[in-house]
Amino acid sequence: MRIKFETAQDLFVAFPTLQDDVEAAASETPPLDFTRQLAASETPEDCLSFFAYLAPRREAVWWGCRCLHALGTEDPTGALAAADAWVAEPEEAQRIAALQIAEATGSADQATWIAFAAGWSGGNIAGGDQPAPVAAPPYLTAKAVRAAVLIAVSRAPFRERRARLERCLDEAIAVANDDIEDHFD
């Protein structure tokens, strides 16, 4: 994954909404080092929020999908599968399919949120019956991935949450060190 930010501060500047989702103050620390510092902090879930913003949209959704699969997320509505399909083939038809499934589920579970993340990754998010297209704000995919992963972590009994968080952090580091194209070419 190509990280386009040299410091954590650069990411906070690029995405002001990150301040709403991470308690730690921005610093001049390289982003992956900052992610690890957050994992060791009093609010370790901040590392997941930070990484959701750090990764480019496709990689962020890929990471979220990897976390949900690793944590055993069930997918009765096909929302997680729709997000997986968009990651594998990031075409407009796949994005719209993920968005439509997410909107139709009526659920606020982790699979729905990861489908929203894919659906909000670009293009028109207003739906076909709206007179004018509406572009997704740049932070929307990150917020949806963050929601998906934090819900998945929180669904475990309290004593298992730290292990789930660490599993998602391991997935983040794997995504950061890997090339998504190697998996889908």
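This text follows the structure it describes.
Throughout this document, residue positions are counted from 1 along each chain, in the order its sequence is written. Residues qualify for local features only when their pLDDT is at least 70, as the model is predicted, and side-chain atom pairs are given and counted only at 80 or more; totals for whole chains, interfaces and linings, by contrast, use all residues. Side-chain metrics rest on all non-hydrogen atoms present in the structure, leaving aside hydrogens and water.

**Overview of the state of the cysteines**
Any cysteine sulfur atom paired with another within 2.5 Å is treated as part of a disulfide. Here the structure, examined in full by the defined rule, presents zero disulfides. Cys 65 forms no disulfide, and the closest cysteine sulfur to it belongs to Cys 67, at a distance of 9.3 Å. Exposed residues in this analysis have more than 50% of their type's maximum accessible area, buried residues have under 20%, and partly exposed residues fall in between, with area computed by a 1.4 Å probe over protein chains only. Overall, Cys 65 belongs to the buried group, its relative accessible area being 1%. In this structure Cys 67 is not part of a disulfide, and its nearest cysteine sulfur, from Cys 168, lies 3.3 Å away.

**A word on the environment of Arg 58**
Think of it this way: any DSSP run of H or I at least four residues long counts as a helix, any run of E at least two long counts as a strand, and we number them from the N terminus. Mapped onto the elements of the fold, Arg 58 is located in helix H5 (residues 57–70). Judged by relative accessible area, which is 13%, Arg 58 ranks as buried.

**Description of helix H4 (residues 46–54)**
Most of H4 sits inside the fold, with nine of its nine residues counted as buried. Buried residues of H4: Asp 46, Cys 47, Leu 48, Ser 49, Phe 50, Phe 51, Ala 52, Tyr 53 and Leu 54, and no others.

**A few points about the side chain of Glu 171**
Locating Glu 171 in the fold gives a position in helix H10 (residues 158–176). By relative accessible area, Glu 171 is classed as buried at 10%. In this structure the side chain of Glu 171 is engaged in a polar contact, spanning 2.6 Å, whose partner is the side chain of Arg 66. Once residues lying within four places of it in the same chain are set aside, the contact partners of Glu 171 are Trp 63, Arg 66, Cys 67 and Ala 70. Side-chain atoms alone can form a polar contact between residues adjacent in sequence; in general such a contact is a pair of N or O atoms within 3.5 Å, and within protein one must be able to donate a hydrogen while the other accepts it. Throughout, a contact is declared for two residues whenever any of their heavy atoms are within 4.5 Å.

**Brief notes about the packing of aromatic side chains**
Any two of the Phe, Tyr and Trp rings considered here, Trp counted by its six-membered ring, make a pair once their centres fall within 6.5 Å; the pair's planes then place it as stacked at under 30 degrees, edge-to-face at over 60, or tilted in between. On inspection of all chains with the given rule, the structure shows nine aromatic pairs. Ring centres of Phe 12 and Phe 50 lie 6.1 Å apart, and the angle between their planes is 35°; this geometry places the pair in the tilted category. Within this pair, whereas Phe 12 is found in helix H1 (residues 8–14), its partner Phe 50 is found in helix H4, the two being separated by 38 residues in sequence. Residue Phe 50 is classed as buried on the basis of its relative accessible area of 0%. Summarising the aromatic geometry, the rings of Trp 113 and Phe 116 are spaced 5.7 Å apart at their centres and angled 50° between planes, so their arrangement reads as tilted. You can see Trp 113 and its partner Phe 116 sitting in helix H8 (residues 110–119), three residues apart, about one turn around the helix. When its relative accessible area of 25% is taken as the criterion, Trp 113 is described as partly exposed. Ring pairing ties together the aromatic residues Phe 5, Phe 15 and Tyr 53, which thus form one cluster. A ring is considered to have a charge above it if a Lys NZ or an Arg CZ atom is located within 6 Å of its centre and within 35 degrees of its normal. Sitting over the ring of Trp 62, Arg 66 keeps its end group 5.1 Å from the ring centre.

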